[in-house]
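An overview of the molecular structure
Chain by chain, the residues:
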Amino acid sequence: MDRQSLWAVMGLCLAVSTAEAQDARPPDPADAVEMIELMLGRVPSRHDTPLAAMHGLADLYGRSHEQAQSGSAGLWLLLGDIALRSVDAGLTQSYAADVLPLYREQPDTILSVLSDAPWLATSTCHHLSAYFGSEDRPEDDRAPFVEAEASRITKALPEPVAAACLDTLSTPQ
Amino acid sequence: MAYTINVVRKNGNGTLTFKSGSVNISETCWWDQEVVIDAGSYTGYATRMANKTDGTDGGNREAIWLGLNVPYNGNGNTANGFFIHKGTNASWSDGCIVMPGAKVYQMWSEITPKESGNITVNISDETVERGRPQDSDCTRQMHTLWGGMPAFD
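Residues numbered from 1 in each chain as written. Chains lettered and ligands numbered in written order. Predicted model: local features only at pLDDT ≥ 70, side-chain atom pairs only at ≥ 80, totals over all residues. Heavy atoms only, no water.

On the chain B side, the residues contacting the 22 residues of chain A number 27 residues. Buried surface at the junction of chain A and chain B, both sides included, amounts to about 1900 Å², of which 57% is carbon and sulfur. On the surface where chain A and chain B come into contact, there are two salt bridges. The salt bridge involving A:Glu135 is made with B:Arg61; its shortest N-O contact spans 3.1 Å. Where chain A packs against chain B, one counts 13 residue pairs in polar contact (both at pLDDT 80 or more). Where the side of chain A that touches chain B is concerned, the elements lending two or more residues are helix H3 (50-69) and helix H5 (89-105) of chain A. Grouping the constituent residues of the side of chain A that touches chain B by class yields ten nonpolar, nine polar and three charged. (Contact = heavy atoms within 4.5 Å. Buried area = accessible area lost by both parts, 1.4 Å probe. Salt bridge = Lys/Arg side-chain N within 4 Å of Asp/Glu carboxyl O. Polar contact = N/O pair within 3.5 Å; in protein donor to acceptor, adjacent residues only side chain to side chain. Helix = DSSP H or I, 4+ residues; strand = E, 2+ residues; numbered from the N terminus. Nonpolar A, V, L, I, M, F, W, Y, C, P; charged D, E, K, R; others polar.)

Taken as a whole and judged by the stated rule, the model has 16 salt bridges over all chains. Residues B:Arg48 and B:Glu62 are paired through a salt bridge, measuring 3.5 Å at the closest nitrogen-oxygen approach. You can see B:Arg48 sitting in strand E4 (residues 40-49) and its partner B:Glu62 sitting in strand E5 (residues 61-65), a full 14 residues away along the chain. One salt-bridge network, held together by shared partners, links A:Glu135, A:Arg137, B:Lys52, B:Asp54, B:Arg61 and B:Lys86.

What follows deals with the environment of B:Ser93. Position of B:Ser93 among the secondary structure elements: in the loop between strand E8 (83-86) and strand E9 (97-99). Along the chain, B:Ser93 and B:Trp30 lie 63 residues apart, while their C-alpha atoms are 7.6 Å from each other. Leaving out residues up to four positions away in the same chain, B:Ser93 has contacts with A:Ala89, A:Gln93, B:Trp31, B:Asp32 and B:Val98. Engagement of the side chain of B:Ser93 in a polar contact is seen with the backbone nitrogen of B:Gly95, the distance being 2.8 Å.

Next up on the list: the state of the cysteines. All told, the structure shown has one disulfide over all chains when counted by the stated rule. Paired through a disulfide, A:Cys125 and A:Cys165 show a sulfur-sulfur distance of 2.0 Å. Looking along the S-S bond of the A:Cys125-A:Cys165 disulfide, the torsion reads about -95°, which is the left-handed sense. Remark: A:Cys165 occurs in helix H9 (residues 159-170) and A:Cys125 occurs in helix H7 (residues 121-131); sequence separation between them is 40 residues. You can call A:Cys165 buried: its relative accessible area is 4%. Here B:Cys29 is not cross-linked by a disulfide; its sulfur's nearest cysteine counterpart is in B:Cys96, at 12 Å. (Disulfide = S-S within 2.5 Å. Buried < 20%, exposed > 50% of the residue type's maximum accessible area, 1.4 Å probe, protein only.)

Each regular strand displays side chains that alternate between the two surfaces of the sheet. All names here are of chain B. In this structure, strand E1 (residues 3-10) lies alongside strand E10 (residues 119-125), joined through seven bridges in parallel fashion. Within the sheet, the bridge partner assigned to Val8 lies in E10 and is Ser124. Both E4 and E10 contribute to a ladder of five bridges, which runs antiparallel. The partner of Thr43 across the bridge, within E10, is Thr120. (Pairing = 2+ DSSP bridges.)

Residue and element names in this part refer to chain A. Here H9 spans 16 Å end to end across twelve residues, near enough to the 16 Å set by a 1.5 Å rise per residue. Every buried residue of H9 is accounted for by Val161, Ala162, Cys165, Leu166 and Leu169. Seen end-on, H9 carries its buried residues on one side only, within an arc spanning 130°. Turned more than 90 degrees away from the buried face of H9, the exposed residues are Glu159, Pro160 and Asp167. (Expected span 1.5 Å × (residues − 1). Arc of directions from axis to C-beta.)

Another point: a nonpolar patch on the surface. Together, A:Ile36, A:Met39 and A:Leu40 make up a nonpolar patch on the protein surface, roughly 310 Å² of accessible area in all. Following the sequence through the fold, A:Met39 ends up in helix H2 (residues 29-39). (Patch = residues over 30% accessible without salt bridge, like charges linked within 9 Å, V, L, I, M, F, W, Y side chains within 5 Å. Areas by Shrake-Rupley, 256 points an atom, 1.4 Å probe, with all protein chains shown as cover.)

With respect to the helices and strands, the residue B:Arg61 is situated in strand E5. Using a relative accessible area of 0% as the deciding quantity, one classes B:Arg61 as buried. Polar contacts involving the side chain of B:Arg61 include one to the side chain of B:Asp54, which spans 2.9 Å. Setting aside anything within four residues of it in sequence, one finds B:Arg61 in contact with A:Gln93, A:Glu135, B:Thr47, B:Arg48, B:Met49, B:Lys52, B:Asp54, B:Gly55, B:His85, B:Lys86 and B:Trp92.

Here the focus is the sheet that holds E8(B). Taken in spatial order, the eight strands make up an open sheet running E3-E2-E1-E10-E4-E5-E8-E9 (chain B), and their pairing is mixed. Two strands close off the open sheet at either side, each with one partner strand: strand E3 (23-29) and E9 of chain B. Neighbour to neighbour, the strand axes of the sheet diverge by 25° on average, direction disregarded. Together, E4, E5 and E8 of chain B form the strand contacts of H3(A), whose direction differs from that of E4(B) by roughly 45°. (Axes fitted to C-alpha atoms, helices over the stretch in contact; angles between N-to-C directions.)

Residue and element names in this part refer to chain B. For Leu66, the location among the structural elements is in the loop between E5 and strand E6 (70-71). Taking the relative accessible area as the measure of exposure, Leu66 reaches 2% and is therefore buried. With 20 residues separating them along the chain, Leu66 and Ala46 place their C-alpha atoms 9.2 Å apart. Not counting chain neighbours up to four residues away, the residues in contact with Leu66 comprise Ile37, Tyr42, Thr43, Phe82, Ile84, Val121 and Ile123.

Structural data, given as C-alpha cells:
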C-alpha cells in the first residue's frame, strides 16, 4: 500500500470512529490507561500489588459490563478481546457466560460495535460461541441460536466478518 | 500459616491433594487441554472471583488465584488469570484447574487469612512408562541365524 492509500485508509477509519464516538460514552481515562497497560502485558500502574491488580481487573470488567448493559458496549468488548488474546482464563470464563445474555437483550448494540470495529468480531463471536457447552450449559441451544441470528448478523457485518462469525458460532469451542 | 496444594497430572486429568488440620482432600481435577499451566511451584491466594456469583456459600465463587505471570503450554507465554475453582469437567476451565465445588469450599474455608499469598501450589506431571527396553537387538540375532539379510523375492 502506498503512502497516499495509507493516509486515505487512516482518514476513513478516523471518520468512522468519530461518527461512532458521537454516541459513545468516552472511557474513564484511568480505565483507558489500565487497558493500554494490559495490552502491553504490564501490571496496571494504579494497583500497588499483584493481588490488587487481579481484583482491579475484575472491577474494570464489572464497570465496563455495566456500561455495556446501559448501551455502550465498546469498552467491554475491547476488554474481552484483551482477555482472549492474553489467555486470561478467569476473565474469559466471565465473557463466555455474560456476552450471550447481553446479546440476547441488545443484539443491535453489540453488532453496532462490531460493525464499527470488525476486528473485535473474532473475540466477541468466540465468547458468544463459548457460552454453549461451557460450565455445564446445554450445547443443544447452539443451533437454534445460530439459525435465529444468522440473518441479523449477515445484515450487520461485512460479508467475510459475518461468515467467520457464523462459522465460529456453529463450532463448539 | 502456610499451606500447600499439590496437583499431580496424569493421562488428561489429575489429583489435587491438600492437608491441613482435620481437612484431608485428595480429589480428581480437570483443566482445558489446550491451555495447560507449566509444571512448577506457584504462590496461591485464597480469594473470590468477583464476576462469578455462584459461590458455594452464596457469595462470589471461592477460588485460589495462582498469581501473575504463570507460564503455560511450555512456549514461553505467561498469563495472569489462572485459578483453582469449582467445576465438574474441563468445560469450566479455560486453563484453570477445576474440581467439585464442595471440595474447593472445604479447602478454601480452611485457609486463613484470605487474600494472602500463603499457599504454595505445586503442579507436576506424572509420566507413564510403558513396556521396558529390549534386552538385545533382535535384528542382529536374525542376521546371525540366517547368515545375513534374507532375500524377499
